[in-house]
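# Summary of the model geometry
Okay, here's what each chain looks like letter by letter:
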Amino acid sequence: MRIARFSIDGNVAFGAVEDGPDGLVLDIIKGIPYADFELSGTKVPLSKVRLLPPVLPNKVVAIGRNYAEHAAELGNEVPDVPVAFFKPTTSVIGSGDAIEYPSFSNELHHEAELAVVIGRMCREVPRERVKDVILGYTCANDVTARDVQKREKQWARAKGFDTSCPLGPWVETDLDPADVTIQCTVNGEQRQLGRTSEMVRSVEDLIVHITEAMTLLPGDVVLTGTPAGVGPINVGDEVAVTIEGIGTLTNKVIKRG
């Protein structure tokens, strides 16, 4: 099932994305997707709503250097243990929202990533139970101020600025994340093309590692790293992240006003 979060006429709701006779429609969900819910049968065309970030996470836990070729392209080694960092809730935007180019950077990069959406509160999750705590998967762009990342030891500003975490367009609950294609285009030109099978550490590995240290809550998001091919984006560019079996997350870059 594809679950979207959207607004229409000032109201916010979740809906199941379905094929309709004239395009995609949303069957409005009774309740929230983190618990048992029913479909209302009330359907609205996707074209009539504004898609929002598919979840509002309490926290986004991101993993760096989880693809060997990406680590190498930036002159880094694959770390012995996963490199984890946080992106704040204020960094999250949805598909169609604008990425605001921060005033303190002159080198903004795209990073296409598979995002894991947590479905239930969990801590110290054993490997064999990881699937039980996952609601589904969505597309992400770990937008990075690369020049700031290079000169500051902590990545909080480089990767945590407002609008630096586009997520969407929806959550796909029925996906095997082991080997799907991830690609990024800028203005229609392909920049990144990789497969999740190239990850150094799998989704299961990452969830086990993260939950050894902290509790994950329903709606929290884990970013699993980016394949090689990262590069600059500029004001006016349109960035699209497409993941096989999920869909496409699209954002335009604007100057911060």
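Residues numbered from 1 in each chain as written. Predicted model: local features only at pLDDT ≥ 70, side-chain atom pairs only at ≥ 80, totals over all residues. Heavy atoms only, no water.

### Quick word on the sheet that holds strand β16 (residues 189–195)
Each strand in a sheet pairs with another by means of backbone hydrogen bonds, the pair being arranged parallel or else antiparallel. Judged by pairing direction, the sheet is mixed, and its five strands sit side by side in the order β9-β20-β19-β15-β16 without closing on themselves. Lying at the two open borders of the sheet, with one neighbouring strand each, are β9 (98–101) and β16. Averaged over all pairs of adjacent strands, the angle between strand axes in this sheet comes to 20°, irrespective of strand direction. (Pairing = 2+ DSSP bridges. Helix = DSSP H or I, 4+ residues; strand = E, 2+ residues; numbered from the N terminus. Axes fitted to C-alpha atoms, helices over the stretch in contact; angles between N-to-C directions.)

### Let's talk about the UniProt feature "domain: Rv2993c-like N-terminal" (unreviewed entry) in the protein chain
Here, UniProt's "domain: Rv2993c-like N-terminal" (unreviewed entry) annotation points to residues 1–54. Helix makes up 0% of residues 1–54 and strand makes up 65%, while its end C-alpha atoms are separated by 13 Å. (UniProt positions renumbered as here; feature names shortened; annotations may be inferred.)

### Observations concerning the UniProt feature "domain: Fumarylacetoacetase-like C-terminal" (unreviewed entry) in the protein chain
Here, the residues flagged by UniProt with the feature "domain: Fumarylacetoacetase-like C-terminal" (unreviewed entry) are residues 59–253. The span residues 59–253 shows a helical share of 13% and a strand share of 39%, and its end C-alpha atoms are spaced 24 Å apart.

### Overview of the sheet that holds strand β10 (residues 108–110)
Here we have three strands laid out as an open sheet, ordered β13-β10-β18, and antiparallel in their pairing. Of all strands in the sheet, those with a lone pairing partner are β13 (144–145) and β18 (231–233), marking the two edges. With two bridges joining them, β10 and β13 adopt antiparallel strand pairing. Residue Leu108 lies in a different strand from β13, and its bridge partner there is Ala145.

### Some thoughts on the packing of aromatic side chains
Tallied over the full model, the rule gives two aromatic pairs. With 5.2 Å between their ring centres and 70° between their planes, Phe85 and Trp155 make a pair best called edge-to-face. With Phe85 in strand β7 (residues 83–87) and Trp155 in the loop between α2 (146–151) and α3 (156–160), the pair connects residues that are 70 residues apart, well separated along the chain. Comparing Phe85 with Trp155, the two get one shared label, buried. Summarising the aromatic geometry, the rings of Phe104 and Phe161 are spaced 6.2 Å apart at their centres and angled 80° between planes, so their arrangement reads as edge-to-face. In this pair, Phe104 is assigned in the loop between β9 and β10 and Phe161 in the loop between α3 and β14 (165–172), connecting sequence segments 57 residues apart. Looking at Phe104, the relative accessible area reads 23%, which means it is partly exposed. Above the ring of Trp170, the side-chain terminus of Arg2 is found at 5.4 Å from the ring centroid. Between Arg157 and the ring centre of Phe104, over which it is positioned, the NZ or CZ distance is 4.6 Å. (Phe/Tyr/Trp six-rings, centres within 6.5 Å; stacked < 30°, edge-to-face > 60°. Buried < 20%, exposed > 50% of the residue type's maximum accessible area, 1.4 Å probe, protein only. Lys NZ or Arg CZ within 6 Å of the ring centre and 35° of its normal.)

### Some details on the environment of Ala98
Along the chain, the position of Ala98 falls in strand β9. Judged by relative accessible area, Ala98 falls into the partly exposed class, the value being 26%. Between the C-alpha atom of Ala98 and that of Gly160, which follows or precedes it by 62 residues, the distance is 15 Å. Leaving out residues up to four positions away in the same chain, Ala98 has contacts with Ile93, Thr163, Lys252 and Ile254. (Contact = heavy atoms within 4.5 Å.)

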